[in-house]
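One letter stands for each residue in the lines below.
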Amino acid sequence: MPFVTPWFPEKNTDGEDETHNFAVQMQPQYHHAIVDMILHYDWRSVIYIYQSSEGLYRLQKIYENIPKNGFGSPTFFIQTARKIKTSNDAIEFIKQLEQMDREAIKHIVLDCPAHIAKEIMFKHVQTVMLGRRNYHYLMSGLVLDDKWDSTVEEFGAINMTGLRIVQYGTNLARDFFKGFSSKKEQHSVSRTRSNNDETSTTISANGALAFDTVNLLINTFSSLMRKNVNLFVTNRRKGKFKEVEMGVGCGDLSGKDGPNTWEHGQRILQEIKNISFEGLTGQISFDDQGRRKNYTLDVMEMTHRSEMVQIGRWSEEEGLVISDVPVFKRQRPSKTKLAAKTFIMTTIL
């Protein structure tokens, strides 16, 4: 039976036979995008903070894909990594790093759910001993698809960059949000106000992936039924004339030799891999191993006004493409320590 998951892509190890793997990943493996962004910002060392096994999995993939320079040395290294449970754990860990070297420029890759990421940003700015000028956060998870309230000034007080998977510029997205905003139940969708005072809507990455998963199954079974309208009818008809249970059988799970293979499983899996359509998260298509392909991610940055703006995009074909004239150019941390700089402070009475 094919297993389609919109969340963390649980897959068998690379050494196992992929033909026996019935898992299909809706969430793409975008660790290459994280590596390309680290290279773009020319970071030499990275602090990695994660909250779940998904973050640990992404850290492993980043390790495996660190490119080498002309001398065979890694272009960057993971300075330290820490698993956290709450935002307080992250702040305490960052405090320890600050105490060890207050003047160092700190590049943090943060991989955690959106609500924890928001708490960390808020508490970082509110903590007196933590600086803002010498920090840059790169959100490894797809947390920038969530709503970040522009009225919270703390979000815009620190450098923050990340990825967004929902493609808001498509006709599907416009129709989806237009229909969704007309309903009273808005608990899974957040309302924001843009610069031109027009109302727009957002949805979390998990919500969009779940929506695309449902459409994937609808398109898959519709395609199978168009090819053979009686594909799932055989066992139902047998039930009227033979002593078998009504419905489509899923195999005998009580047999001594283990469960039987469902007769339609391989056919459904192959049809899923052949399906291609536009979803909320862009192009939905899969390779032979059931992984997303031909997808695009938007590169987002938080402005000093706590507003999210797109500064580029990343795709498998083109890699990282940053806009020639970004909508907003933010002052990022220097590569030199703060002790090597002179700051002028002015007080107006």
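Scroll up to find the structure.
Residues numbered from 1 in each chain as written. Predicted model: local features only at pLDDT ≥ 70, side-chain atom pairs only at ≥ 80, totals over all residues. Heavy atoms only, no water.

**Description of the overall build of the chain**
Step number 1: Along its length, the chain carries 8 helices and 14 strands.
Step number 2: Buried residues in the chain amount to 44% of all 349 residues.
Step number 3: Sequence separation of 24 or more characterises 65% of the internal contacts of the chain that already satisfy a separation of 6 or more.
Step number 4: For the chain, the exposed surface amounts to about 19,500 Å²; the carbon and sulfur share of it is 50%. (Helix = DSSP H or I, 4+ residues; strand = E, 2+ residues; numbered from the N terminus. Buried < 20%, exposed > 50% of the residue type's maximum accessible area, 1.4 Å probe, protein only. Contact = heavy atoms within 4.5 Å. Areas by Shrake-Rupley, 256 points an atom, 1.4 Å probe, with all protein chains shown as cover.)

**Topic: the packing of helix α6 (residues 205-227) against helix α8 (residues 265-274)**
Step number 1: At a closest axis distance of 9 Å, the pairing of α6 and α8 adopts a crossing angle of 115°. By the angle class used here, α6 and α8 are roughly perpendicular. The crossing of α6 and α8 is right-handed. Between α6, through Leu216, Thr220, Phe221, Ser223, Leu224 and Lys227, and α8, the contact on the second element is made entirely by Arg267, Ile268, Glu271 and Ile272.
Step number 2: Here the contact of α6 with α8 is built from residues that sort into 5 nonpolar, 2 polar and 3 charged. (Axes fitted to C-alpha atoms, helices over the stretch in contact; angles between N-to-C directions. Parallel < 35°, antiparallel > 145°, perpendicular 65-115°, else oblique. Left-handed = near helix turned anticlockwise from the far one by under 90°. Nonpolar A, V, L, I, M, F, W, Y, C, P; charged D, E, K, R; others polar.)

**Observations concerning helix α1 (residues 31-40)**
Step number 1: Where α1 is concerned, the buried positions are His31, Ala33, Ile34, Val35, Met37 and Ile38.
Step number 2: Looking one or two residues past α1, aspartate 42 carries a phi angle of roughly 60°, positive in sign.

**Focus: the packing of aromatic side chains**
Step number 1: One pass over the full model with this rule turns up 8 aromatic pairs.
Step number 2: Between the aromatic rings of tryptophan 148 and phenylalanine 155, the centroid separation amounts to 4.9 Å while the plane-to-plane angle is 70°, which identifies the pairing as edge-to-face.
Step number 3: Residue classification places tryptophan 148 among the buried residues on the basis of a relative accessible area of 6%.
Step number 4: Aromatic side chains tyrosine 168 and phenylalanine 177 sit 5.4 Å apart centroid to centroid with 15° between the ring planes, which places their arrangement in the stacked category.
Step number 5: Three or more aromatic residues joined by ring pairs form one cluster here, namely Tyr168, Phe176, Phe177 and Phe211. (Phe/Tyr/Trp six-rings, centres within 6.5 Å; stacked < 30°, edge-to-face > 60°.)

**Focus on the side chain of arginine 164**
Step number 1: The topology assignment puts arginine 164 in strand β7 (residues 159-164).
Step number 2: Relative accessible area serves as the criterion here: at 15%, arginine 164 is assigned to the buried category.
Step number 3: With near-sequence residues (within four places) excluded, arginine 164 lies in contact with Leu144, Asp145, Leu297, Asp298, Met300 and Gln310.

**Things to note about the layout of surface pockets**
Step number 1: Taken as a whole, the second largest pocket spans an internal volume of roughly 360 Å³.
Step number 2: Around the second largest pocket sit 20 residues that line it, and Glu54, Cys112, Pro113, Val143 and Asn206 are the ones nearest its centre.
Step number 3: If you list the elements that add at least two residues to the lining of the second largest pocket, you get α2 (53-64) and α6.
Step number 4: Sort the elements by how many residues they give to the lining of the second largest pocket and α6 lands first, with 3 residues.
Step number 5: In terms of residue class, the lining of the second largest pocket is built from 10 nonpolar, 6 polar and 4 charged. (1 Å grid on protein atoms, 1.4 Å probe; cavity = no way out; pocket = protein on both sides within 12 Å on 5 of 7 lines; lining within 4 Å. Points joined across faces, edges and corners; volume = space filled by probe spheres on them.)

**Section: the nonpolar core**
Step number 1: Counting residues in hydrophobic clusters, the biggest one holds 50 residues, and the most contacted among them are Tyr30, Ile38, Phe76, Leu163, Leu216 and Leu297.
Step number 2: Contributions of two or more residues to this core are made by α1, β3 (45-50), α2, α5 (171-181), α6, α8, β12 (296-302) and β13 (308-315).
Step number 3: With 29 residues, the next largest nonpolar core counts Ile47, Ala90, Cys112 and Val152 among its residues. (Core = buried A, V, L, I, M, F, W, Y, C linked by side-chain atoms within 4.5 Å.)

**A closer look at the sheet that holds β13**
Step number 1: The strand order across the open sheet formed by 8 strands is β4-β3-β5-β6-β7-β12-β13-β14, and the pairing between neighbours is mixed. With partners counted over all chains shown, the strands left at the sheet margins are β4 (77-83) and β14 (319-322), one partner each. For this sheet the average axis-to-axis angle between neighbouring strands, irrespective of direction, equals 25°.
Step number 2: Note: β3 against β4, 6 bridges, orientation parallel. By the bridge assignment for β4, tyrosine 48 is matched with alanine 81.
Step number 3: Here helix α4 (residues 114-126) sits on the sheet and contacts β5 (106-111), β6 (135-139) and β7; the angle it forms with β6, its principal contact strand, is near 175°. (Pairing = 2+ DSSP bridges.)

**A look at the pattern of salt bridges**
Once the charged atoms of two side chains with opposite charge are near each other, the side chains can pair.
Step number 1: Applying the stated criterion to the full structure yields 10 salt bridges.
Step number 2: The partner of arginine 44 in a salt bridge is aspartate 42, with the nearest N and O atoms 2.3 Å apart.
Step number 3: For aspartate 42, a relative accessible area of 25% translates into the label partly exposed. (Salt bridge = Lys/Arg side-chain N within 4 Å of Asp/Glu carboxyl O.)

**What about the side chain of serine 140?**
Step number 1: Counting through the fold element by element, serine 140 comes out in the loop between β6 and β7.
Step number 2: For serine 140, a relative accessible area of 0% puts it in the buried group.
Step number 3: Only 3.3 Å separates the side chain of serine 140 from the side chain of arginine 58, close enough to count as a polar contact.
Step number 4: Non-local contacts of serine 140, meaning those with residues more than four positions away in its chain, are made with Tyr30, Ile34, Tyr48, Arg58, Val109, Leu110 and Asp111. (Polar contact = N/O pair within 3.5 Å; in protein donor to acceptor, adjacent residues only side chain to side chain.)

Function cannot be inferred from these measures alone, as they are strictly geometric.
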